[in-house]
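What follows is the residue order along each chain.
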Amino acid sequence: MSCIVLLIVKQTTRLKQKSKQDKPFYSTKEIFQDNWEDYLENNDVREVEKREVENMLSCKKLKRGCFLYFCVVCVKFVIVTFGCNSRLCSCCGKRYPDKWADRLAKKIMPKTEHRHMVFSVPEILWWAVRNNRSLQKVLMDVSAKTIKECFRKTLRKDLEIGIICVLHPFGRDLVFKPHVHVIVTNGGFAEDGKFVKLSFISYDLIHKKWQYNILTVLRDYIPKQIIDLCFRKYPKGFCAYIKPDKLHYGKGLINYIGRYIRHPAIANSRIIDYNRKGVTFYYEDHDGNKHFKTMSVFDFISAIIQHIPEKNFRLVRYYGVYSRNNTKRFKKIVYQSVIESKILNKSRERRVVYCPSCSEEMELIAYFKRSEEHTSELQSHSFISYAVFCLKK
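All values derive from a computational prediction rather than experimental measurement.

*Asks:* Explain a negative patch on the surface to me, please; I cannot follow it from the model alone.
*Replies:* There is a patch of like negative charges on the surface, built from E37, D38, E41, E47 and E54. At the level of elements, α2 (28-42) and α3 (47-57) are the ones that each hand at least two residues to the negative patch. The exposure class of E54 is partly exposed, given its relative accessible area of 40%.

Laid out in structure tokens, this is it:
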């Protein structure tokens, strides 16, 4: 029986290697596996960076724990190992946003239009945010404050607005470029509970208000000369991009948020060359033009890990209607849609694994928790022994 289990694991590995020969495939994890130890010897890293990388490198390994499944038709075992949920991992970095989007469906107001905005600061201020990472929260708080002030001034009413802020510390070229993506309700709730829709947004107002609010707060952190320079150099305000298309509630909105708002710094598909000394990847600018960039492996690793936030720092924050205290109160006003129910029911479905040989549903026979005390080899033998024991029963 042990031969069967080992055969399944090895066969999967051979299939992956064969696909790599057909088309070169490079991953962030592979680059870190080859160079992380050397990088640590030559560079100082934060503790949170070291922990996050180690989590990624242990992804899908037996020591993280696993489920053991058995096929009664083929009499075969399949081990399903656990992921790392690291924000660096290209595999978990895709799966985690999908789960996050499902959880977000509980908060999103049904039958309500939303808008997507992006608040950024000029390059002259990036160094301040990188050297003082607490300013990342300031960017998010001031973004929410700016939206509230602009909406209330435009509609001339004191409204409660739903705002979800997501911090992106990186640009498409992996440069430290802090900016805030915002999903905001296209209007707000008045004191009588009625939703007041916003039909017009003044770009000039939001640009100048964003500039004034953020520079006012940053006066306590950066020299006055830089503050004055920003006002002189950007007389029309800081960039606050407003996506022209409105986002309608439903599966499309949830998928949009999960796909675009939260994602790893770089997808594996963007890495086009790696030779253990350098890494070449591409990125597209806002006009759709493709650019290629080559970095040494150490510079590439530095560019990736610099975006890891400090421990317990929340990259997603909720304001107004979507804050913890207000979500339930305002959702009683709005009728729950059928789409939301389907999304929530889907997220509660049990895990089903099908046999890779006969495609029949497999039976879950064992769950192994994460263990740092045993090596992968010892754990694999324990899986086999336990599987044989279950069959004898």
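*Asks:* Can you help me understand the pattern of salt bridges in this one?
*Replies:* What the rule picks out here adds up to 9 salt bridges. Linking E49 and R46 is a salt bridge whose minimum nitrogen-to-oxygen distance equals 2.9 Å. Look at E49 and you get buried, because its relative accessible area is 6%. Between K137 and D141 there is a salt bridge whose closest N-O contact spans 2.5 Å. Residue K137 and its partner D141 are both found in helix α6 (residues 135-155); the two are separated by 4 residues, about one turn of the helix. For K137, a relative accessible area of 34% gives the class partly exposed. For D141, a relative accessible area of 26% puts it in the partly exposed group. Within the structure, one salt-bridge network assembled from shared partners comprises R46, E49 and E310.

*Asks:* I tried to follow the packing of aromatic side chains on my own but got confused; where do I start?
*Replies:* Note on aromatic pairs: each is described by the distance of the centres and the angle between the planes. Per the counting criterion, the structure on display carries 12 aromatic pairs. A ring pair is formed by W36 and Y39, whose centres lie 5.6 Å apart and whose planes are at 15°; its orientation type is stacked. Of the two residues, W36 and Y39 both sit in helix α2, 3 residues apart, roughly one turn of that helix. By the burial criterion, W36 is buried, and Y39 matches it. Members of the aromatic cluster, connected to one another through ring pairs, are F32, W36, Y39 and F298. Over the face of the ring belonging to Y282 we find K290, whose NZ or CZ atom lies 4.4 Å from the ring centre.

*Asks:* Whenever I open this one, the side chain of S323 confuses me. Can you help?
*Replies:* By secondary structure assignment, the location of S323 is in the loop between β12 (316-320) and α11 (327-331). Classification of S323 as buried rests on a relative accessible area of 17%. A polar side-chain atom of S323 sits 2.7 Å from the main-chain carbonyl oxygen of G320.

*Asks:* What should I look at first to understand the environment of F292 in this one?
*Replies:* Residue placement: F292 occurs in strand β11 (residues 290-296). Counting along the chain gives 10 residues from F292 to Y282, while the straight-line C-alpha distance between them is 4.3 Å. Beyond its immediate stretch of four places on either side in the chain, F292 contacts I272, F281 and Y282.

*Asks:* Help me understand unusual backbone geometry, please; the structure alone is not making it clear to me.
*Replies:* A negative phi angle is the norm for most residues apart from glycine, just as the trans form is the norm for most peptide bonds. Unlike most non-glycine residues, R156 shows phi in positive territory, near 55°. With respect to the helices, strands and loops of the structure, R156 is situated in the loop between α6 and β4 (162-170). Residue R156 is classed as exposed on the basis of its relative accessible area of 76%. In this model, N312 sits at a positive phi of 70°, which is unusual for a non-glycine residue.

*Asks:* Quick question: what am I supposed to make of the pairing of strand β2 (residues 76-81) here?
*Replies:* Side-chain direction in a regular strand flips from residue to residue, so the side chains alternate between the two faces of the sheet. Pairing of strand β1 (residues 66-71) with β2 involves 6 bridges; the strand directions are antiparallel. Bridging from a neighbouring strand, C71 pairs with K76 of β2. Linkage of β1 to β2, two consecutive antiparallel strands, is achieved through a turn of 4 residues, within which V75 is found at a positive phi near 55°.

*Asks:* Help me understand α3, please; the structure alone is not making it clear to me.
*Replies:* Residue pairs spaced three or four apart in an α-helix point in one direction, given the helix's 3.6 residues per turn. Buried within α3 are the following residues: V48, E49, E52, V53, M56 and L57. Each element contacted by the buried residues of α3 is listed here: α2 and α10 (297-305).

*Asks:* Would you take a moment to explain the sheet that holds strand β13 (residues 363-368) for this structure?
*Replies:* To summarise the sheet geometry, strands pair through backbone hydrogen bonds and adopt either a parallel or an antiparallel arrangement. Pairing is antiparallel across the open sheet formed by 3 strands, whose spatial order is β2-β1-β13. Lying at the two open borders of the sheet, with one neighbouring strand each, are β2 and β13. With strand direction ignored, the average angle separating the axes of adjacent strands in the sheet is 25°. Across 5 bridges, the pairing between β1 and β13 is antiparallel. The residue bridging F70 from the neighbouring strand is E363, located in β13.

What counts, and at which threshold
- Residues numbered from 1 in each chain as written.
- Predicted model: local features only at pLDDT ≥ 70, side-chain atom pairs only at ≥ 80, totals over all residues.
- Heavy atoms only, no water.
- Patch = residues over 30% accessible without salt bridge, like charges linked within 9 Å, V, L, I, M, F, W, Y side chains within 5 Å.
- Areas by Shrake-Rupley, 256 points an atom, 1.4 Å probe, with all protein chains shown as cover.
- Salt bridge = Lys/Arg side-chain N within 4 Å of Asp/Glu carboxyl O.
- Lys, Arg positive; Asp, Glu negative; His and termini not counted.
- Charge placed at Lys NZ, Arg CZ, Asp CG, Glu CD.
- Helix = DSSP H or I, 4+ residues; strand = E, 2+ residues; numbered from the N terminus.
- Buried < 20%, exposed > 50% of the residue type's maximum accessible area, 1.4 Å probe, protein only.
- Phe/Tyr/Trp six-rings, centres within 6.5 Å; stacked < 30°, edge-to-face > 60°.
- Lys NZ or Arg CZ within 6 Å of the ring centre and 35° of its normal.
- Polar contact = N/O pair within 3.5 Å; in protein donor to acceptor, adjacent residues only side chain to side chain.
- Contact = heavy atoms within 4.5 Å.
- Pairing = 2+ DSSP bridges.
- Axes fitted to C-alpha atoms, helices over the stretch in contact; angles between N-to-C directions.

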